[in-house]
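# Structural overview for review
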Amino acid sequence: MKRALFSNIWLPVALLLPQLVIIAVFFYWPAGYAVQSSFYLQDPFGFGSTFVGAGNYQSLFRNNEYLKIANFTLWFTVIVTFFSLAIALILAVKADRVIRGAKTYRTLLMWVYAVAPPVAGFIAVIMFNQSWGPLTEFFALFGYRFQVGVNFNDTAFAMILTSIWKQVPVNFIFFLSGLQSIPRSVREAALIDNRSASGRFWTVTFPLLAPTGFFLLIINITYALFDTFGIVDTVVKGEPGNNPMTLVYKVYVDGFRGNDLGGSSAQSVVLMALVLALTFVQFRLVERRIHYT
Amino acid sequence: MAVVHFDAVQKVYPNGFEAVKPASFYIEDGEFVVLVGPSGCGKSTMLRMIAGLEEISNGVLQIGDRVVNDIDPADRDIAMVFQNYALYPHMSVRNNIGYGLKNRAVPRDVIAAKVDEAAKMLNLSDYLDRKPSQLSGGQRQRVAMGRAIVRDPALFLFDEPLSNLDAKLRNQMRIEIKALQRRLGVTSVYVTHDQVEAMTMADRIIVMNGGVIEQIGTPSEIYQSPASTFVASFMGAPPMNLLEVTRADTGLRLADQILPLDLPDTGAELILGIRPEDIIPDPNGPFSIMVDIVEELGAHRLLHGRLGDQSVTVHVPKDYTVAEGVLRFAMPIEVLSFFDAASGQRVSR
Ligand SMILES: Nc1ncnc2c1ncn2[C@@H]1O[C@H](COP(=O)(O)OP(=O)(O)OP(=O)(O)O)[C@@H](O)[C@H]1O
Ligand SMILES: [Mg+2]
């Protein structure tokens, strides 16, 4: 990379300023504010606040409901991440075999990616509509009454299914281009060295996809934790009740519905720590260790 | 160790392009055959059909006593060295070399012994734990060789294995590969577009052009009696001089001289072929050329000039003093080749 040298310190500062201002205003300031308010107990009606130290955190981790949601979020994340990656990988391997580089197919699959999360949630709501949703009718064929928004498991299922559906195309595109960047001659060498197709996949193709895979793993965990907010919101229709929800949604529910800004802030800080940890893993371990060339 | 038998083997790609016209030939056990020809002539296609990486459209291919048309690459008992080496980037050199054996359920200790032996043979012993990305081009090339030889296959296939190396390394590896093949005695098919590699390595050369086999023969047959004007001009640097001649009552007319030759008169126009080193400078010789350029090559010189209105190259030893201008020379009749001007095919004398 070429290094530009500035004789005057103010020019680079001026050039960086807009970016820094945006980061400061939209990220550091609210983050700092969240950290601060996580140590206070806010009066629900806005009449001042009391410093409670780590009180909000303590009550958070003693709160059974919070732990239950954390547990659900864990499973939600594991399931969504695993199936989004696995389905996308299977599709990519199949597609790679048939259509080396066919663009239309890729574009078609990419469309789902362009669907905004709330819209995806809305589609799920339609698919699972109580009286005429096609998927509800499908389950009815087997004599099962599917009730999104009423039955915890059914709602969870709809949320998970929608979240996976929405994420598969992204993973697919990355996996497909990862597959196509494996040199043809390397695959051919493997074809001569190993007669078993699954053996070739696990010993050559899969390890060569690992950099893509780890990158996607982090992306998918982040997605399942945070970006599914819109889907969760639409599916539970803003009526948490007995419905499953993820930690991010809980932050919103407590902060804006329950007016518990302190507790909600403490939850955000926990999530921020999680993101930091993920980012750290990505940069420190993954990016450094999984590189072949 | 195996013979290879091509019986009217043809390749038509799915887009309808006929990359290899029906070809029939036979490769002897232990023979080193070089497939040579210009870019796009179908050499790689031919080799890849032997490997099983490309389907055979028509005809029968036999390796040893098996018809292999429908046999998977892994079951053909072949090993291939690719142009860009095709090493597995995530495996150490040791695992790269041993991979093919591991998948054939060879016991661990046997693999280890074979890998060590191959590594010693190829001077790779110090690099066994490195990844391919930590090796030089020449070392990668050796790993690719090692991967092929540990397999102890019936047939080696090489697709331009040296073309990514610099000239010096290429010369060295050329000799090493040839020596290795001699020692192991494994039948080999080697693709190159470098005619020096073809001449120096081959027991027999197959010259291809546009999907057609132009000639199959030993290097000296190919060099001394090319089967067509294409082979004559493709093999040899500088290429054979090709000169138009016309028939006269007493022989063939070249420029203002008559060659006293009695070729059967088929009425066809003829082309005379002569290697640059077969032209003998002789102050009393019957022919004369106008030398335009003298090319100094150290061990010898090349004189480029014109005979009448046709260009000619003459190869002279380094102790032969030359100057630009008129050079008289003679041509021994027995070294001349003749070709049909229309078809380019060799005309027998
Ligand atoms: N998959 C394919 N579909 C259609 N035509 C192809 C395909 N692969 C190769 N060809 C064509 O077949 C011809 C022979 O290709 P091939 O790779 O065998 O050439 P080559 O002699 O190895 O050339 P080079 O010296 O450049 O490697 C070329 O004209 C090429 O364009
Ligand atoms: Mg080729």
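Source: prediction; values computed, not measured.

Turning our eyes to something else, we now look at the nonpolar core. Residues and elements named next belong to chain B. Met46 and Leu157 are the most contacted members of the largest nonpolar core, which has 91 residues in total. Setting aside residues no more than four positions away along its own chain, leucine 157 makes contact with Leu47, Ile50, Ala51, Ile78, Ala79, Met80, Val81 and Val189. Among the nonpolar cores identified, the runner-up in size contains 43 residues, and Leu122, Val143, Met201 and Val231 belong to it.

Here we come to unusual backbone geometry. Residue and element names in this part refer to chain B. Look at the link from alanine 237 to proline 238: it is a cis peptide, with omega at -5°. A positive phi angle, close to 50°, is found at alanine 8, a residue other than glycine. Locating alanine 8 in the fold gives a position in strand β1 (residues 4-12). Classification of alanine 8 as partly exposed rests on a relative accessible area of 31%.

With that settled, consider the domain arrangement of chain B. Residue and element names in this part refer to chain B. Split by domain assignment, chain B resolves into domain 1 (4-234) and domain 2 (241-340). Computed from C-alpha atoms alone, the centre-to-centre distance between domain 1 and domain 2 is 39 Å. With nine residues of domain 1 at the contact, the number on the domain 2 side is five residues. Together, the buried faces of domain 1 and domain 2 total about 620 Å²; carbon and sulfur atoms form 55% of this surface. Ranking the residues of domain 1 by area buried against domain 2 places Tyr223, Thr229 and Ala232 at the top, with a combined share of 69%. In this structure, the connection of domain 1 to domain 2 is made through zero salt bridges. The interface formed by domain 1 and domain 2 includes two residue pairs in polar contact (both at pLDDT 80 or more). Within the residue set of the side of domain 1 that touches domain 2, elements represented by two or more residues are α7 (219-224) and α8 (229-234). Partitioned by chemical class, the residues of the side of domain 1 that touches domain 2 number five nonpolar, four polar and no charged.

The rules behind the values
Residues numbered from 1 in each chain as written. Chains lettered and ligands numbered in written order. Predicted model: local features only at pLDDT ≥ 70, side-chain atom pairs only at ≥ 80, totals over all residues. Heavy atoms only, no water. Core = buried A, V, L, I, M, F, W, Y, C linked by side-chain atoms within 4.5 Å. Buried < 20%, exposed > 50% of the residue type's maximum accessible area, 1.4 Å probe, protein only. Contact = heavy atoms within 4.5 Å. Helix = DSSP H or I, 4+ residues; strand = E, 2+ residues; numbered from the N terminus. Domains from an automatic or database assignment. Buried area = accessible area lost by both parts, 1.4 Å probe. Salt bridge = Lys/Arg side-chain N within 4 Å of Asp/Glu carboxyl O. Polar contact = N/O pair within 3.5 Å; in protein donor to acceptor, adjacent residues only side chain to side chain. Nonpolar A, V, L, I, M, F, W, Y, C, P; charged D, E, K, R; others polar.

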